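Tertiary structure, described
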Amino acid sequence: MQNETLRVENMTCASCVARVEKALLAVSGVTLAEVNLASEAVRVEFGAPADLPILVAALARAGYPVVIEDVVLAVDAMSCASCVGRVESAFLGTSGVVDISVNLATETAHLRIAAGQITADDLVRLASAAGYPARVVSSDQAGSVSERKAQEAIKLGRLTLLAALLALPVFVIEMGGHIFPAMHHWVAANIGLQNSHIIQFILASVVMAGPGQRFYTKGIPLLLRAKPDMNSLVALGTLAAFGFSTVSTFAPHWLPAGTANVYFEAAVVIIVLILFGRWMEARAKGHTGAAISRLIALAPTTARVERAGGKVDKVAVEDLAPGDIIHVHPGEKIAVDGAVLTGSSWVDESMITGESVPVEKTKGAALFGGTVNGAGAIAFRATRVGADTTLAQIVKLVEQAQAAKLPIQGMVDKITAWFVPAVMAAAGLTFLVWLSIGPTPALGYAMVAGVAVLIIACPCAMGLATPTSIMVGTGRGAEMGVLFRKGDALQSLQEVGVVAMDKTGTLTQGRPDLTAIACAEGFDEDAVLRLLAAAEAGSEHPIAGAIMRVAKARGLDIPKAENIRALPGFGLSANVDGHVLLAGAKRLLTRKKLEPSALGIQAEGWASKGQTPFYVVLDGVVAAVLSVTDPVKPSTPAAIGALRALGLKVVMITGDHTATARAIADDLGIDDVVAEVLPKGKVAALEALRADGATLAFVGDGINDAPALAHADVGIAIGTGTDVAIEAADVVLVSGDLAGVVNAIALSRATMRNIRQNLFWAFGYNIVLIPVAAGLLYPVWGIMLSPMLGAGAMALSSVFVLSNALRLRRFRPLMQHQGGK
């Protein structure tokens, strides 16, 4: 299966969203199509026989062409037809490449690529990797969505200004005469009513053919295909007003007596106001994707690389490779991910993790591209570059989340699929009702009411209500170190009633210390520790690390262990120095039918204080019990309190001793504990917690947490955990701080509240104002809504939705990170 995100033109309202998805899903091999109207993009999952050119052609037939960019590369080292084939093969099948034509005579490659999927520099690297060095000759790549929206806003601003200047005389001549009778008489006496109508006709024609042309070139073809959209409504409304006015001007005898009025001012003012609304909308849309732009801007463009002989050269970040040694001066940005080789410093990682406190970096410490070095000079070895860096992965996750469609959008789609045709039917019915029972001149009233219904309807606001909030909310989350890997988690998280979490590495620091050893009679402490260290030497378990640190500190001679076997959820077994060794929790003794005797009393005492006891068995005899303590993260108590303040039930699920788990839970204020759970039992524990119907979130970080993360309604992975856990999660916290859980839930609730506000406005606006435009108030108060006022209201409706969504940029985290990793 392939996954492509395509930028699509001509999408203006929610009806367009449904048509784009329908056109793609009709292609054999397409399994998913999700449109984001705010970013004007569609995410498509597909397999054979579908491919990118077929998808592009299907969208073009539907009237929604993909934004295509042309790139020309100069390609070296091509000498024959076989070379041409190899260069083409290097590009064909690459994500984003729609078409390629290689010319051997001119040594160039002409590529057509889907905007936003691949860059010209990526294409150069692909050609070079195939053995054909290349360079960019020309490219019409327009940059990021924010940059494109900025360019579009400038263009729309100019069109709006031009339309306003042309419309002003029309408005003044016509409406001025209605408001000030003296002006009407002046126009009649000095210009002549017929001449004023002709002037209005000329100016209106220029406005419609010039600045307003976009409404007709896009709306009319879709109308002819029986797929009307927002542009079709504007085109119909303005053409109706313009056509009626034209007949009134040049053939008034075709109309009933007393009905030959002109409405040129309505047509041009509608165009001006809607262009103004589109201009404001384009500016606001540019701001919705600002978070991604800011993330991308974090990456520096150059880096200092150490060459053979110790010489340091400044090179472009795109030319870096894993293994390069990079020097960073005080105050500079770190170019890519890596590990410190020499020097030490404090690094500001707030832009990645959300933690405001700088992190100390010494030899071996991990560095992230885009973070800022402090006062020290360091050199590090690059480990991940380009699209593999943490920053690039964060940008990718945010883009995927922003393109997602929430379950709440399904209801909106069902309504908007028939909204525009329904509005057209309502406008036609309004016209006929007014024509048949309206007061004199009935035709004039029918024209005004019908056009007002067409113009005031706003499917744009409906289509923008959800995706704009998603874009801003997920972007704000990324700035706080909260990444939504799956877009629907943004909705699911606000429904959560129970937060279950693992203990080790989640509530605690995940680096336990060995605090006490008690041996049975006849066993020596160092001797037991020496054998245990031998068995644990190759283990990556946190407790193994604690044992090895103490054994090395005591200077013990650690022998080689054989036949080491992990017993998941119980411990391990090994052969060391002729002894059969078992080490693990009390349930291991139960399994082997062994009694801890007096050591069990010692273990219970430690457990009651929140320490974790485990036993060592030598040759079938319980030899010792050891205690480890894993310190609680500094932020954990406040985070638990904040979760409970949000009305959530907090549960700890752990494989630890029941008494240990209960002691820690009581100390932290955790509501419930499920202890002595085997790794496979975490899923069953979640099922038990879900029995009362509550929506469940699980927070974890380890490999054995992956099944639980995947099984929970929302899986939240601590970013300092394993890649396996992160892949299984719906939400990733870049920091290892539980404050991220609190902030993620609070942000989810704020975003969904924002979406509901947007939907209430979008639907309420149409439900209330369409009947008003149809003349509902006329029989009672004699009020008719002017189409010009309808255009203004429609334009402002979308702007309101976008402006409301942008308020999420000011969302403040409930908890600040305390750096407790």
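Residues numbered from 1 in each chain as written. Predicted model: local features only at pLDDT ≥ 70, side-chain atom pairs only at ≥ 80, totals over all residues. Heavy atoms only, no water.

Details of the overall build of the protein
- Counting its secondary structure elements, the protein contains 31 helices and 29 strands.
- With the C-alpha coordinates of the protein rotated into their principal frame, the extents come out at 120 × 75 × 50 Å.
- Buried residues in the protein amount to 54% of all 821 residues.
- The long-range share in the protein, meaning contacts at least 24 apart out of those at least 6 apart in sequence, stands at 69%.
- For the protein, the exposed surface amounts to about 33,800 Å²; the carbon and sulfur share of it is 59%.
- Side chains of the protein give 65 positive and 69 negative charges; the mean places of these two sets differ by 4 Å. (Helix = DSSP H or I, 4+ residues; strand = E, 2+ residues; numbered from the N terminus. Buried < 20%, exposed > 50% of the residue type's maximum accessible area, 1.4 Å probe, protein only. Contact = heavy atoms within 4.5 Å. Areas by Shrake-Rupley, 256 points an atom, 1.4 Å probe, with all protein chains shown as cover. Lys, Arg positive; Asp, Glu negative; His and termini not counted. Charge placed at Lys NZ, Arg CZ, Asp CG, Glu CD.)

As for the pairing of strand β12 (residues 345-348)
- Only one face of β12 is covered, namely the one carrying Ser345 and Val347; the face carrying Trp346 and Asp348 has none of its residues buried.
- Where β12 lies against strand β15 (residues 372-373), two bridges are found, and the strand directions are antiparallel. Across the sheet, residue Val347 finds its bridge partner in β15, namely Asn373. (Pairing = 2+ DSSP bridges.)

Section: the side chain of Asp324
- One can find Asp324 in the loop between β9 (312-316) and β10 (325-328).
- Nearest to the buried, unbridged Asp324 among oppositely charged side chains is Arg307, at 4.9 Å.
- One polar contact links the side chain of Asp324 to the main-chain amide nitrogen of Ala321, over a distance of 2.9 Å. (Salt bridge = Lys/Arg side-chain N within 4 Å of Asp/Glu carboxyl O. Polar contact = N/O pair within 3.5 Å; in protein donor to acceptor, adjacent residues only side chain to side chain.)

As for helix α20 (residues 525-536)
- Taking 1.5 Å per residue, 12 residues should reach 16 Å; α20 reaches 16 Å between its end C-alpha atoms and fits that length.
- Those residues of α20 that fall on the buried side of the exposure criterion are Val528, Leu529, Leu531, Leu532, Ala533, Ala534, Ala535 and Glu536.
- Between the side-chain oxygen at the start of α20 and the backbone nitrogen of Asp526 there is a gap of 3.2 Å, and the oxygen is on Asp524. (Expected span 1.5 Å × (residues − 1).)

As for the side chain of Thr371
- Note on placement: Thr371 falls in the loop between β14 (366-367) and β15.
- For Thr371, a relative accessible area of 0% gives the class buried.
- Within the structure, the side chain of Thr371 is placed 2.6 Å from the backbone oxygen of Phe368, a separation counted as a polar contact.

Some points on a nonpolar patch on the surface
- On the surface, a nonpolar cluster with roughly 250 Å² of combined accessible area is contributed by Leu168, Phe171 and Val172.
- In this fold, Leu168 is placed in helix α5 (residues 145-179). (Patch = residues over 30% accessible without salt bridge, like charges linked within 9 Å, V, L, I, M, F, W, Y side chains within 5 Å.)

Describing unusual backbone geometry
- At the junction of Ala48 and Pro49, the peptide bond is cis and its omega measures out at 5 degrees in the coordinates.
- Put simply, Thr440 and Pro441 share a cis peptide bond, and its omega is -5 degrees.
- Inspection of the secondary structure puts Pro441 in the loop between α15 (419-437) and α16 (442-456).
- Unlike most non-glycine residues, Asn10 shows phi in positive territory, near 75 degrees.
- Among the structural elements, Asn10 can be located in the loop between β1 (2-7) and α1 (14-25).
- Given a relative accessible area of 23%, Asn10 falls into the partly exposed group.
- Phi is positive for Glu676, close to 55 degrees, though the residue is something other than glycine.
- Overall, the relative accessible area of 37% leaves Glu676 in the partly exposed class.

Considerations on the sheet that holds strand β25 (residues 649-653)
- One open sheet accounts for seven strands, arranged β17-β29-β28-β27-β18-β25-β26; its pairing is mixed. Edge strands, defined here as strands with exactly one partner in the open sheet, are β17 (482-484) and β26 (672-674). This sheet shows a mean twist of 20 degrees between the axes of neighbouring strands, independent of strand direction. (Axes fitted to C-alpha atoms, helices over the stretch in contact; angles between N-to-C directions.)

Some thoughts on the sheet that holds β10
- Ordered by their spatial adjacency, six strands build an open sheet running β9-β8-β10-β16-β11-β14, and the pairing between neighbours is antiparallel. Bordering the open sheet on either side are β9 and β14, each of which pairs with just one other strand.
- Taken together, the six bridges between strand β11 (residues 337-343) and strand β16 (residues 378-384) define a ladder with antiparallel strand orientation. By the bridge assignment for β16, Gly338 is matched with Ala382.

A look at helix α7 (residues 193-209)
- Taking 1.5 Å per residue as the helical rise, α7 with its 17 residues ought to reach 24 Å, and the 24 Å between its terminal C-alpha atoms agrees with that figure.
- For α7, the complete set of buried residues consists of Ser196, His197, Gln200, Leu203, Ala204, Val207 and Met208. Considered in projection along α7, the buried side chains sweep an arc of 135 degrees and stay on one side of the axis. (Arc of directions from axis to C-beta.)

A closer look at the packing of aromatic side chains
- Scanning the entire structure with this criterion turns up 11 aromatic pairs.
- Note on Phe242 and Phe264: the rings are 5.7 Å apart at their centroids and 65 degrees apart in plane angle, and the pair reads as edge-to-face. Separated by 22 residues along the polypeptide, Phe242 in helix α9 (residues 230-250) and Phe264 in helix α10 (residues 264-288) bring together distant segments of the chain. Accessibility classification places Phe242 together with Phe264 in one group, the buried group.
- Through pairs of rings, three or more aromatic residues link up here, namely Phe201, Phe242, Phe250 and Phe264.
- Of note, Arg591 hangs over the ring of Phe570, and the distance from its end group to the ring centre comes to 4.3 Å. (Phe/Tyr/Trp six-rings, centres within 6.5 Å; stacked < 30°, edge-to-face > 60°. Lys NZ or Arg CZ within 6 Å of the ring centre and 35° of its normal.)

Observations concerning the packing of α20 against helix α21 (residues 542-553)
- Where α20 meets α21, the closest approach of the two axes is 9 Å, and the angle between their N-to-C directions is 130 degrees. Our classification of the angle between α20 and α21 gives oblique. Our pair here, α20 against α21, has a crossing hand that is left-handed. Note on element contacts: α21 touches α20 through Ala544, Ile547, Met548, Val550 and Ala551, opposite Leu529, Leu532, Ala533 and Glu536.
- Counted by class, the contact of α20 with α21 contains eight nonpolar, no polar and one charged residues. (Parallel < 35°, antiparallel > 145°, perpendicular 65-115°, else oblique. Left-handed = near helix turned anticlockwise from the far one by under 90°. Nonpolar A, V, L, I, M, F, W, Y, C, P; charged D, E, K, R; others polar.)

Some remarks on the environment of Thr106
- With respect to the helices, strands and loops of the structure, Thr106 is situated in the loop between β5 (97-103) and β6 (108-114).
- Residue classification places Thr106 among the partly exposed positions, given a relative accessible area of 47%.
- Along the primary structure Thr106 and Val75 are separated by 31 residues, whereas in three dimensions their C-alpha atoms are 9.0 Å apart.

Concerning a positive patch on the surface
- Taken together, the side chains of Arg753, Arg756, Arg807, Arg809 and Arg810 make up a positively charged region of the molecular surface.
- A relative accessible area of 36% places Arg809 in the partly exposed class.

Points about the pattern of salt bridges
- In total, this model carries 18 salt bridges according to the counting rule given.
- Across the pair Arg554 and Asp526 runs a salt bridge, and its minimum N-O distance is 2.7 Å. One end of the pair, Arg554, is in the loop between α21 and β20 (561-567); the other, Asp526, is in helix α20, with 28 residues separating them in the sequence.
- Taking the relative accessible area as the measure of exposure, Asp526 reaches 32% and is therefore partly exposed.
- The network of salt bridges with shared partners includes Glu34, Arg43 and Glu45.

Some points on the environment of Asp229
- Within the element layout of this structure, Asp229 appears in the loop between α8 (213-224) and α9.
- Here Asp229 falls in the buried class, since its relative accessible area comes to 0%.
- Spatially, the C-alpha atoms of Asp229 and Lys218 are 8.9 Å apart, while their sequence positions differ by 11 residues.
- The contact partners of Asp229, leaving out residues within four places of it in the chain, are Asn10, Thr12, Cys13, Cys16, Arg19, Gly219, Leu222 and Val420.

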